[in-house]
Every structure is written in C-alpha cells, then in structure tokens.
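Residue strings, one per chain:
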Amino acid sequence: MRELLLIRHGQASFGAEDYDQLSPIGEQQSSLLGEWLAASSPAPDLVAVGPRLRHRDTASLCLQAAGLSSPAVLFPGLDEFDHHEILARHRPDLAGPGALRAELKQDADPHRAFQRLFADAVARWISGRHDAEYSLSWPTFRANVLDALQQLAEHPAKTLWAFTSGGPIAVIASALLEAPVAQTFKLSWPLVNTGVTRLRLSSRGARLVTYNAWPHLERLDDPHLVTLR
C-alpha cells in the first residue's frame, strides 16, 4: 500500500508584515506533528515541499522532531496562490502597505473580518469572469496543483509526505471527491494548521482516506494549538 500525506503548514504570521513565517505556535505545531508521525507512520521515502518558507520550515521542524534527516524535494505545484493579489483585485483600496491591517483593526474580530473579505475575494477569482486580471488565473492554479498530485502519485516512493497550504489541499480533495469546482474553497476554510489529509495511491490513481486530521494537537487538550490561520 502506498500512502501520501498532505500536510498543511503550521500557523503563519497573520497580521505581520511578512505572513510567510511560522509563528511560535506554528513552530510548536510542526514539532508536535513530527513527534506524532514518528510514532504512528512509516518514515517517508519522499518528502515534498511547496516553495514557501512556511512550507519548508514546517517540514524541517517536523522531520527534526521525528528524528529524520530526509532531504526535501521542491514541487512548485504545491505552492499557494498569492492572497495579496487576490485581495487587491477584489478591493484595490487595500493594496497599499498596511492598508489591510488598518482595515482589520477597525473590526472587533479581525480574524472573522479577514475570513469574510477573503472568501469574497476568492469567489471573484474562481468565477471565471476576471481571469485576465490575475497573474495566476484560477484554472492555471488548479491545473498546477493537479499536475503536482499526478507527479506524486506516479513517484515510486511508498510513503510520501507533502508539505503545502490549504488551497492545494482543497483542490486535491475536491477533485478526488468530484465536487463542483466552484465549491472547492468550502473545503479549505476548516483546514487546521499542520492538519493531515491522507491519500491512498494505487495503479488506479489516488483515493481520499482521511481529511484534515489533527490528533497530534488534540492529545494535548490545548485549544490554542488548533488554529486556522
């Protein structure tokens, strides 16, 4: 049996100048994941990472905690879309430095306010009516992700760990479930940082086994460790 674990990165630095860095919680989540995987999963024959710093750092901390030194292989198709551009096309007034943070600070619940704004921006992106306005259109992003899945599925490795983001995981799950493409990101919103989605690989392709599991966080009974952003 061949298995692919799709792992969402640890909590990044929401609200900071550079989002693409793990927060202290994100670092802890990544280490806890490694400890749990060392006890519950075979060591990976392939470690795949997206190109973002948060992907690489999550993988590094996870592998270190698992006592592994497997080199990571870059898979560009595991990259996340540029959320700054997606938001800026939806709300051009938020494109300037600090504009988004200033907007969110006016709300009593910045995380919820960002979710509403982001969901509307993504809906515009995937609608198909504005593809020419984006440097990476939704059809191209989806095709890139599914190409990465095919590369991973065809790799001879028996156990694969892939560190990526919520967007690619949602695209893959949606495709395997044959869900309506327009509903893809409904699968993305509840994804937990360092949550694990497990796929079984065979000659017939990939099959979804479990989605968005986080037993490595639940066992500590600390709700602060379970984050979505």
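Predicted model only: the values in this text are computed from it and were never measured.

A.B. asks: Break down the nonpolar core for me, citing the residues and quoting the values.
C.D. replies: Counting 38 residues, the largest nonpolar core has Leu4, Phe81, Trp125, Phe141, Leu152 and Phe185 as its most contacted members. With residues near it in sequence (within four places) discarded, Phe141 still touches Asp79, Glu80, Phe81, Trp125, Leu136, Gly167, Pro168, Val171 and Phe185. Core analysis: the next-biggest nonpolar cluster, separate from the first, contains 13 residues, Leu5, Ile7, Cys62 and Trp161 among them.

A.B. asks: Lay out the sheet that holds strand S2 (residues 46-49) with the relevant residues and their values.
C.D. replies: Reading across from one edge, S3-S2-S4-S1-S5-S6 is the order of the 6 strands in this open sheet, with mixed pairing throughout. Both edges of this open sheet fall to strand S3 (72-74) and strand S6 (205-213), since each of them pairs with a single strand only. Strand-to-strand, the axes of this sheet are offset by a mean angle of 25°, without reference to chain direction. Direction of pairing for S2 relative to strand S4 (residues 159-164): parallel, over a ladder of 4 bridges.

A.B. asks: So what about helix H2 (residues 53-65)? Which residues, and what values?
C.D. replies: Because each turn of an α-helix spans 3.6 residues, side chains separated by three or four positions end up pointing in the same direction. With 13 residues, H2 extends 18 Å between its outermost C-alpha atoms, agreeing within 8% with the 18 Å of an ideal straight helix rising 1.5 Å per residue. Looking only at H2, the buried set comprises Arg54, His55, Thr58, Ala59, Cys62 and Leu63. The buried side chains of H2 occupy one side of the element, clustering within an arc of 155° when seen end-on. Positive backbone phi, approximately 75°, marks Gly67, located one or two places after H2.

A.B. asks: Tell me about the pattern of salt bridges, residues and numbers included.
C.D. replies: If you walk through the whole model with that rule in mind, you get 10 salt bridges. For Glu85, the salt bridge goes to Arg89, with nearest N and O atoms at 3.2 Å. Here the residue Glu85 and the residue Arg89 both occupy positions in helix H3 (residues 83-90), the gap between them amounting to 4 residues, near one helical turn. On the accessibility criterion, Glu85 (11% relative accessible area) is buried. With a shortest N-O distance of 2.7 Å, Glu133 and Arg124 are connected by a salt bridge. Its relative accessible area of 37% is what places Glu133 among the partly exposed residues. Within the structure, one salt-bridge network assembled from shared partners comprises Arg91, Asp93 and Glu103.

Conventions adopted
- Residues numbered from 1 in each chain as written.
- Predicted model: local features only at pLDDT ≥ 70, side-chain atom pairs only at ≥ 80, totals over all residues.
- Heavy atoms only, no water.
- Core = buried A, V, L, I, M, F, W, Y, C linked by side-chain atoms within 4.5 Å.
- Buried < 20%, exposed > 50% of the residue type's maximum accessible area, 1.4 Å probe, protein only.
- Contact = heavy atoms within 4.5 Å.
- Pairing = 2+ DSSP bridges.
- Helix = DSSP H or I, 4+ residues; strand = E, 2+ residues; numbered from the N terminus.
- Axes fitted to C-alpha atoms, helices over the stretch in contact; angles between N-to-C directions.
- Expected span 1.5 Å × (residues − 1).
- Arc of directions from axis to C-beta.
- Salt bridge = Lys/Arg side-chain N within 4 Å of Asp/Glu carboxyl O.

Purely geometric stuff here, so don't read any function into it on its own.
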